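Structure at a glance
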Amino acid sequence: MLIIGAKGFAKEVLEVFHQLNELDNIAFYDDVNADSGDLLYGLFPILKSENEVKDFFYKYGNDFTIGIGNPQLRYILMKKFISLGGNLISCISNKAIIGSYEVKIGNGCNVLDNAIFSNSASVGKGCIIYYNVTITHDCEIGDFVELSPGATLLGSCKIGSFSKIGSNATILPKIIIGRNVTIGAGAVVTKDIPDNCVAAGIPAKIIKDLDPMKL
């Protein structure tokens, strides 16, 4: 298993595999941070080149997951490592609570401890579902969405791809949040939010426009 990244969020992804007792042949990839060293925690190799990745995939299997935040960067990294022969997979904590009926979680999601998925919840590929996130019935979440710790999504709301929901934010029922939107920490979203903007406050209001994505 290759975890992309060797800092911050990658360490939280590692904990999921530790809890699952799936630590055999785990390595990390970091070609950005010069201070990463050769081993994480003195145990897990840190690869630094595409050739090392190809060799790792050949020897140990081609599964990988993304241990880096930032929705757009996660998308770019997904494409890169698939092009190197990788197979994007999810890692889901055994401490998450997942409903029994019509729950869909796309490939490449990272689901951390105490996340709650109600029945009929749908999450696209490449998403981050952080600690203590609550996703209630009939919510629809696009691809590469980041839900920060404690975020609450109430019934039948929709979150567009590449959006970020801040820590402890609450999205009220049937609200639609567009693509490439950032919702500030602690916000309460009571009205639909269009694409390409930042919204914050109680109730949430648009405070900044963002350039449309070019992906």
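Use the structure listed above.
Residues numbered from 1 in each chain as written. Predicted model: local features only at pLDDT ≥ 70, side-chain atom pairs only at ≥ 80, totals over all residues. Heavy atoms only, no water.

1. Concerning the overall build of the protein
Note the following rule: Put simply, DSSP H or I for four residues or longer makes a helix, DSSP E for two residues or longer makes a strand, and each gets a number counted from the N terminus. For the radius of gyration, the atom set is restricted to C-alpha positions; the globular benchmark scales as 2.2 Å times the number of residues to the power 0.38. Throughout, exposure labels follow a simple rule: accessible area from a 1.4 Å probe, protein chains only, divided by the maximum for the residue type, with under 20% read as buried, over 50% as exposed, and the rest as partly exposed. Contacts: residue pairs with any heavy atoms within 4.5 Å of one another. The Shrake-Rupley method, run with a 1.4 Å probe sphere, supplies the accessible areas, and residue values consider only the shown protein chains as cover. For this count, His and the chain ends are skipped, Lys and Arg are scored as positive, and Asp and Glu as negative. Just so you know, the charge point we use is NZ for Lys, CZ for Arg, CG for Asp and CD for Glu.
For the protein, the helix and strand inventory stands at 3 helices and 25 strands. Relative to the 2.2 N^0.38 estimate, which gives 17 Å for 215 residues, the radius of gyration of the protein is 17 Å and therefore close to what a compact globule would have. Based on the C-alpha atoms only, the size of the protein along its principal axes is roughly 50 × 40 × 25 Å. Among the 215 residues that make up the protein, the fraction classed as buried is 46%. The contacts in the protein between residues at least 6 apart in sequence include a share of 27% that link residues at least 24 apart. By element, 50% of the accessible surface of the protein is carried by carbon and sulfur atoms, the whole surface being about 10200 Å². Within the protein, the 22 negative side-chain charges are centred at a point lying 6 Å from the centre of the 19 positive side-chain charges.

2. As for the sheet that holds strand E1 (residues 2-4)
Selection criterion: Here, a strand pair is defined by DSSP locating no fewer than two bridges between the strands.
Taken in spatial order, the 6 strands of this open sheet run E3-E4-E2-E1-E5-E6, and their pairing is mixed. Strands with a single pairing partner mark the edges of an open sheet, and in this sheet they are strand E3 (39-40) and strand E6 (87-88).

3. Comments concerning the sheet that holds strand E22 (residues 181-183)
Taken together, 8 strands build an open sheet; the order of strands is E7-E10-E13-E16-E19-E22-E24-E25 and the sheet is mixed. Each of the sheet's edge strands pairs with one partner strand only, and the pair in question is strand E7 (91-92) and strand E25 (205-209). Bridging between E22 and strand E24 (residues 197-200) involves 3 bridges; their strand directions are parallel. By the bridge assignment, Ile183 is partnered in E24 with Ala199.

4. Looking at helix H2 (residues 50-60)
In plain terms, the rule: Read the arc as the range of directions from the helix axis to the C-beta atoms.
Residues Val53, Phe56 and Phe57 constitute the buried set of H2. Each buried residue of H2 sits inside an arc of 100 degrees when the element is viewed along its axis, so together they form one side. Those residues of H2 that are exposed and angled more than 90 degrees off the buried face are Asn51, Tyr58 and Lys59. One or two residues past the end of H2 sits Gly61, with phi positive at roughly 100 degrees.

5. Side note on the pattern of salt bridges
Here is the rule we go by: Here a salt bridge means any side-chain nitrogen of Lys or Arg lying within 4 Å of a carboxyl oxygen belonging to Asp or Glu.
Evaluated as defined, the whole model comprises 4 salt bridges. Where Lys80 meets Glu50, a salt bridge forms, and the shortest distance between an N and an O atom there is 3.9 Å. Remark: Glu50 occurs in helix H2 and Lys80 occurs in helix H3 (residues 71-83); sequence separation between them is 30 residues. Between Lys59 and Asp55 there is a salt bridge, with the nearest N and O atoms lying 3.3 Å from each other. On the criterion of helical spacing, the pair formed by Lys59 and Asp55 is a turn pair, its members being 4 residues apart in helix H2. Look at Asp55 and you get partly exposed, because its relative accessible area is 36%. Members of the salt-bridge network, linked through shared partners, are Asp31, Glu50 and Lys80.

6. Some remarks on unusual backbone geometry
When glycine is set aside, most residues are seen to have a negative phi, and most peptide bonds are trans. Cis geometry marks the peptide bond from Ile202 to Pro203, where omega comes out at -10 degrees. Note that Pro203 resides in the loop between E24 and E25. A positive phi angle, near 70 degrees, is found at Asn114, a position not held by glycine. Tracing the backbone through its elements, the reader meets Asn114 in the loop between strand E10 (110-111) and strand E11 (116-117). Of the residues examined, Asn114 reaches a relative accessible area of 42% and is grouped as partly exposed.

7. Things to note about the environment of Leu43
Here Leu43 shows up in the loop between E3 and strand E4 (44-47). On the basis of relative accessible area, Leu43 is assigned to the exposed category, the value being 61%. Residues Leu43 and Ile26, 17 residues apart in the sequence, show an inter-C-alpha distance of 9.3 Å.

8. Digging into the side chain of Asp113
Relative to the helices and strands, Asp113 is located in the loop between E10 and E11. Although Asp113 is buried, it makes no salt bridge; Lys95 carries the closest opposite charge, 4.2 Å away. Residues contacting Asp113, with those up to four places away along its chain left out, are Gln19, Ser93, Lys95, Tyr131 and Asn132.

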